[in-house]
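# Structural overview for review
Residues per chain, in single letters:
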Amino acid sequence: MGRDKRNEQGRPDHWTKMIRPTMQTDAWRSLSTTAQALYPWLKFEWHGPKSNNNGKLRLSVRQAAECLGCNRNTAARAFLDLQAKGFIVQTEGACLGTGGAAQSPSYELTEIALVGSNVGRRLYLNWKKGHDFPAIKSATNNPSGTNGKTAITPDNVVSLKGGKS
């Protein structure tokens with residue numbers, strides 16, 4: 001039985017490029033397999049260099065868990081791991097919009113240039129074992145109603161080794 005081609009007409013394949021030198025870094029090798037699996041899903045959110053949305057990439061913990069086939073806590077740890085190793089940086093916290101619609105945190109992929117820049121920051125190249133970058137833990141819900149206006153404090157910055165830093 002062949003595949004059903006009716007829904008494929010006029011719809012280009014969605015793909016992303018994984019760069020070998022990135023995957024050969026110590027930082028990549030130290031990532032959990034879940035974080036390695038999450039990274040391409042975040043890259044799928046990037047619209048490409050012509051309509052660069054890096055720094056505004058949104059993928060919620062719940063969406064990531066669904067994509068990866070794991071529970072939300074595992075997906076949340078993968079986001080923290082990617083931040084700690086310098087592959088992503090959270091640029092905006094999760095919030096509720098004016099209409100009450102939730103928005104997940106937005107991220108920058110440090111491999112890819114931001115708008116107005118020619119090259120990505122590639123923080124993962126500076127990662128050293130035992131010297132993780134700060135990681136912001138995002139809540140899967142918004143019980144305090146902070147609406148994304150929470151300042152980065154020691155209470156919401158975590159270290160993967162010993163909990164909160």
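Residues numbered from 1 in each chain as written. Predicted model: local features only at pLDDT ≥ 70, side-chain atom pairs only at ≥ 80, totals over all residues. Heavy atoms only, no water.

## Observations concerning the overall build of the protein
Scanning the protein from terminus to terminus reveals five helices and eight strands. Secondary structure of the protein in N-to-C order comes out as α-α-α-β-α-α-β-β-β-β-β-β-β. Across the 165 residues that make up the protein, the buried fraction comes to 35%. Put simply, 57% of the contacts in the protein that link residues at least 6 apart link residues at least 24 apart. Accessible surface for the protein amounts to roughly 10,600 Å². Of this, 51% is attributable to carbon and sulfur atoms. (Helix = DSSP H or I, 4+ residues; strand = E, 2+ residues; numbered from the N terminus. Buried < 20%, exposed > 50% of the residue type's maximum accessible area, 1.4 Å probe, protein only. Contact = heavy atoms within 4.5 Å. Areas by Shrake-Rupley, 256 points an atom, 1.4 Å probe, with all protein chains shown as cover.)

## Describing the packing of helix 3 (residues 33-44) against helix 5 (residues 72-84)
Running from N to C, helix 3 and helix 5 point in directions that differ by 80 degrees, and their axes come no closer than 9 Å. Comparing their axes, helix 5 and helix 3 come out roughly perpendicular. Side by side, helix 3 and helix 5 meet where Thr34, Ala35, Leu38, Tyr39 and Leu42 of the first sit next to Thr74, Ala75, Ala78, Phe79, Asp81 and Leu82 of the second. Here the contact of helix 3 with helix 5 is composed, by residue class, of eight nonpolar, two polar and one charged. (Axes fitted to C-alpha atoms, helices over the stretch in contact; angles between N-to-C directions. Parallel < 35°, antiparallel > 145°, perpendicular 65-115°, else oblique. Nonpolar A, V, L, I, M, F, W, Y, C, P; charged D, E, K, R; others polar.)

## Quick word on unusual backbone geometry
Leave glycine aside and you will find that most residues have negative phi; peptide bonds, for their part, are mostly trans. If you check the backbone angles, arginine 122 has positive phi at about 45 degrees while not being a glycine. Its place among the elements puts arginine 122 in the loop between strand 5 (106-109) and strand 6 (135-136).

## Some words on the pattern of salt bridges
Scanning the model with the defined rule gives four salt bridges in all. When the shortest N-O distance is used, the salt bridge between lysine 43 and glutamate 111 registers 3.4 Å. Note that lysine 43 is positioned in helix 3 and glutamate 111 in the loop between strand 5 and strand 6, a separation of 68 residues in sequence. The residues lysine 43 and glutamate 111 share a single accessibility class, namely buried. In this structure, glutamate 108 and arginine 121 form a salt bridge, with 2.8 Å as the shortest nitrogen-oxygen distance. Taken together, the residues glutamate 108 in strand 5 and arginine 121 in the loop between strand 5 and strand 6 connect sequence positions 13 residues apart. A relative accessible area of 3% means that glutamate 108 is categorised as buried. (Salt bridge = Lys/Arg side-chain N within 4 Å of Asp/Glu carboxyl O.)

## Here we look at the nonpolar core
One recurring pattern in soluble globular proteins is that nonpolar side chains are buried together. Counting 24 residues, the largest nonpolar core has Leu38, Leu42, Phe79, Leu82, Phe87 and Ile88 as its most contacted members. Breaking this core down by element, the ones donating at least two residues are helix 2 (26-30), helix 3, helix 4 (61-68), helix 5 and strand 5. With five residues, helix 5 is the largest single contributor of residues to this core. When neighbours within four sequence positions are excluded, phenylalanine 79 is seen to be in contact with Leu38, Leu42, Leu59, Ser60, Val61, Ala64, Ile88 and Tyr107. (Core = buried A, V, L, I, M, F, W, Y, C linked by side-chain atoms within 4.5 Å.)

## Concerning the environment of aspartate 132
Note on placement: aspartate 132 falls in the loop between strand 5 and strand 6. By relative accessible area, aspartate 132 is classed as partly exposed at 25%. Separated by 2.7 Å, the side chains of aspartate 132 and tryptophan 127 make a polar contact. (Polar contact = N/O pair within 3.5 Å; in protein donor to acceptor, adjacent residues only side chain to side chain.)

## Observations concerning the pairing of strand 5
The side chains of a regular strand alternate, first on one face of the sheet and then on the other. Side chains Ser106 and Glu108 project from strand 5 onto one buried face, and the interleaved Tyr107 and Leu109 project onto a second face that is buried too. As judged from the two bridges shared by strand 1 (residues 57-58) and strand 5, these two strands associate in the antiparallel manner. What sits directly across from arginine 58, in strand 5, is serine 106. Where strand 2 (residues 88-92) lies against strand 5, four bridges are found, and the strand directions are antiparallel. The partner of glutamine 90 across the bridge, within strand 5, is tyrosine 107. (Pairing = 2+ DSSP bridges.)

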